[in-house]
Each structure stands twice: as structure tokens, then as C-alpha cells.
Amino acid sequence: MLHPRKLMTLDEFTIYELRTVPHATGELSGLMRSIGLACKKINSQVNRAGLSDILGALGTENVQGEEVQKLDDIANRTFIDLLNHSIYCAGVGSEENDDIVIFDDPISNNSKYVLLMDPLDGSGNIDVGVSIGTIFSVLKRVTPLGTPVTIEDFLQPGNRIVAAGYVIYGSSTMLIYGTKRGMNGFTLDPTIGEFCLSHPNLKCPDNGKFYSANYGNYLGFSEGVKSYLKACERKTKDNGGPYTERYIGSMVADIHRNLIKGGIFMYPGTMSKPNGKLRLLYECNPMAFIYQVCGGYATNGEMNVLDIQPTELHQRTPLFIGSKNMMAELEEHLKLDLKS
Ligand code: P6P
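Residues numbered from 1 in each chain as written. Predicted model: local features only at pLDDT ≥ 70, side-chain atom pairs only at ≥ 80, totals over all residues. Heavy atoms only, no water.

For the protein, the name recorded in an unreviewed UniProt entry is Fructose-1,6-bisphosphatase class 1, with Polluticaenibacter yanchengensis as its organism. According to the UniProt record, the Subunit (unreviewed entry) comment for the protein is "Homotetramer." (UniProt positions renumbered as here; feature names shortened; annotations may be inferred.)

Have a look at this one:
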């Protein structure tokens, strides 16, 4: 029986998967290699951000009304240019593009996968040296092969995700990605320019001590959310605590820490923004998929995030995501909101 060897490169791992997964055609492996290459190119730009003229804002706004940072635009174009010339992707839905990007050529139209991505999440942190990330998920298209993709191929619930992952550009650059079969972590080895398997078969601890929320929004939170946060503040060593409040303000950094060490992250809705801030398709769904494969869970406060039927490419959703037992405790407190 073949087993993944520690430190095998991403390319070697995708070929290992191709040899061990029944009926694999190699298209998903090929797509992953393209994604890995795009992330290495972005990593190179992120690492040099302070040295070349790519810091700061581009002077434009994206569909979210957010100021586009130069690195955002570079990351977005890197992915789109690379995938447009691959043979494994029929189109892209990106945080940085108002509409889907259709690779309308005979070869791309015959690709069975589409990609959803936030090419550079947390970009507001670029100028202050805080870790940022790329988030992506792969869906199998639902429209006929041989035709250009449509928005229907992207508006699928997260439980249809084939593969998902993120890259954190931090103290080291790590790619976490996988399918329903399991999640694996790859650390970029700059001496060979390859992502190398460093965290095989990732699992999220059932319990944790980190809780992550922007307390600046506290007054707008529901009674259930406030009740849970109060409970976190009051944890002691006698009931699983004490907890630590950690909020970096860069989703990939907060999510990655809590995935590895155990914890809970939330971006709840508020009275002024009932759907919160985070986007369902290319931020919440991929992270929810990753956590669920690793034994965690994600909800919008009422249902599993992965079961939400999307209606718009850039729709937002409240998000609560974390270790299984912390999520169960949270949901007990959220019942307060059902009574009100
Ligand atoms: P706030 C970054 O802009 C981002 O989209 C996520 O990476 C992060 O978790 C969140 O917004 C932070 O938002 O409102 O707390 O600054």
C-alpha cells in the first residue's frame, strides 16, 4: 500500500493521489499544481511587498466597495492568467471581479472544474506586516461540458465542494488543502521553491482555548452571541479554561491558528449588518469545508454553512467556525436568539 511520505512535494503528493484514488483522471491533480504555482508566485510578491512599489492602494474599489490594494490585484491577475492557460479550469469566481471570469475557449470549456477564490484575503493588513492569505475552493461544473460556464456553475452549496484550501503567507508559507478524504498541510521550502508535506491528515482538536471575535462590534451582536462571549470570558481551569481572546483581523491567520490548536472564530451579523461581513462562496464555504473534514464545524447561526443555497456570487453570511465541542457550547447560547 502506498503511503504519503513526509516532505514529499505538492506535485509528488498530487501524483501519489492520482495513483491511489480510484478512477482519478488527473484533472484535479493538475488543477492543484496550477494553484500551487500561482500561490508560489504570489508568495514571492508578498515577501517583497516592502521592497518594490506594490505596497498600498491601487486607487480603485472592488465590488465589495473595498479599496483594492496593489497586491490584491497582482494576486488576482496571477491566478486568472495561470488558470486561463491551464487545461483544468473552465472559469473563476473571484472576490476581486464583479462577475464570473469565463475562460471561453474549446479546451477550457471542456474542463470539468471551476474555482472560487479570495486571491488575497486580509489585504488591509499588507502595509503593516500581518499575515495574509489566499482562500480557494473547487466545484465540479453543472452545465454541459463543451459550453462556456455560467453563474449556475458557481452558485452551488458548499457541500458540493470537491476540494478546498488556503495559503497563509506568514512566518512560513503554508498551503492547507484537501478533499473529503482528508486535509493536508504543505510548507513552502524556499531552498527548492516547493510546497512540502509537513502536516499530513490534519485534525482540528475537539476542544480549544482560543476565541476570536471583533469586540468592536459587540453592541450589535445578538443576545446569544453576547451570552457565549461572556461564558468564554468566565472560563477557568475548572471548566476547560481559561480561554484566550485572539483576533488578528486576518481571517486566514485566525482560522489557521484555531484549526491547528483548537478554537472558535466568529464574524456574527449585527443589527446594522445582519449578514455580517464575510462572503459565503469564497471565504466561508472553503473554510467550513476544511474544518468539517478536520472534525470541526461551521454555522451561520441557524444551519450548517455548507448547506446554504447561494443566490448571489458575493453574498455575505454570518460565520461561526471552530472546534466541535466549542461549537456545540456556542449553539446552546444561540438558542437564546430563537426565543427572542
Ligand atoms: P474586521 C479582512 O478584511 C477580512 O475580510 C478577514 O480577513 C477578517 O477576518 C475580517 O475581514 C476582519 O474584519 O471588521 O474585524 O476588521
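The discussion continues.
Draft legend 1. Representation of the overall build of the protein. Assigned secondary structure in the protein consists of eight helices and 15 strands. Against the compact-globule benchmark of 20 Å for 340 residues, the protein has a radius of gyration of 20 Å, which places it among compact chains. Seen through its principal axes, the protein has C-alpha atoms that stretch 55 × 50 × 45 Å. For the protein, the residues scored as buried account for 56% of the 340 residues in total. Taking as baseline every contact in the protein between residues at least 6 positions apart, the subset at least 24 positions apart corresponds to 64%. By element, 52% of the accessible surface of the protein is carried by carbon and sulfur atoms, the whole surface being about 14,600 Å². Side-chain charges in the protein split into 32 positive and 38 negative, and the spacing between the mean points of these groups amounts to 8 Å. (Helix = DSSP H or I, 4+ residues; strand = E, 2+ residues; numbered from the N terminus. Rg over C-alpha atoms; globule rule 2.2 N^0.38 Å. Buried < 20%, exposed > 50% of the residue type's maximum accessible area, 1.4 Å probe, protein only. Contact = heavy atoms within 4.5 Å. Areas by Shrake-Rupley, 256 points an atom, 1.4 Å probe, with all protein chains shown as cover. Lys, Arg positive; Asp, Glu negative; His and termini not counted. Charge placed at Lys NZ, Arg CZ, Asp CG, Glu CD.)

Draft legend 2. Fine view of the site of the ligand. Around the ligand lies a shell formed by Asp121, Gly122, Asn214, Tyr247, Gly249, Ser250, Met251, Phe265, Tyr267, Lys277, Leu278 and Glu283. Contact distances for the ligand include 2.9 Å between an oxygen atom and a side-chain N or O atom of Asn214. Between an oxygen atom of the ligand and a side-chain N or O atom of Lys277, the distance comes to 3.0 Å. Relative to its unbound accessible area of 400 Å², the ligand is 81% covered by the protein chains. Partitioned by chemical class, the residues of the shell around the ligand number five nonpolar, four polar and three charged. (Near = heavy atom within 4 Å. Polar contact = N/O pair within 3.5 Å; in protein donor to acceptor, adjacent residues only side chain to side chain. Nonpolar A, V, L, I, M, F, W, Y, C, P; charged D, E, K, R; others polar.)

Draft legend 3. Structural detail: the pattern of salt bridges. Evaluated as defined, the whole model comprises 12 salt bridges. Of the charged contacts in the structure, one is a salt bridge between Asp206 and Lys324, with a shortest N-O distance of 4.0 Å. Taken together, the positions of Asp206 in the loop between β10 (194–199) and β11 (210–212) and Lys324 in helix α8 (residues 324–339) put the pair 118 residues apart, joining distant regions of the chain. In this structure, Asp254 engages Arg257 in a salt bridge whose closest nitrogen and oxygen atoms are separated by 3.2 Å. Here Arg257 and Asp254 lie together in helix α6 (residues 251–261), a separation of three residues that amounts to about one turn. Given the relative accessible area of 13%, Arg257 is considered buried. (Salt bridge = Lys/Arg side-chain N within 4 Å of Asp/Glu carboxyl O.)

Draft legend 4. Main features of the UniProt feature "binding site: Mg(2+) 2" (unreviewed entry) in the protein. Mapped onto the present numbering, the UniProt feature "binding site: Mg(2+) 2" (unreviewed entry) falls at Asp118, Asp121 and Glu283. Taking the farthest pair of C-alpha atoms as the criterion, the annotated set spanning 166 residues converges on one region, since that pair is 8.5 Å apart. With respect to the element layout, Asp121 can be found in strand β5 (residues 113–121). Residue Asp121 is classed as buried on the basis of its relative accessible area of 7%. Contact partners of Asp121, with chain neighbours within four places excluded, come to Ile132, Gly133, Ile135, Ser250, Met251, Val252 and Glu283. Checked against the element boundaries, Glu283 lands in helix α7 (residues 280–293). Engagement of the side chain of Glu283 in a polar contact is seen with the backbone nitrogen of Arg279, the distance being 2.8 Å.

Draft legend 5. Up close: the UniProt feature "domain: Fructose-1-6-bisphosphatase class 1 C-terminal" (unreviewed entry) in the protein. Within the UniProt annotation, "domain: Fructose-1-6-bisphosphatase class 1 C-terminal" (unreviewed entry) is assigned to residues 205–334. For the annotated span residues 205–334, helix accounts for 36% and strand for 13% of the residues, and the straight-line distance between the end C-alpha atoms is 22 Å.

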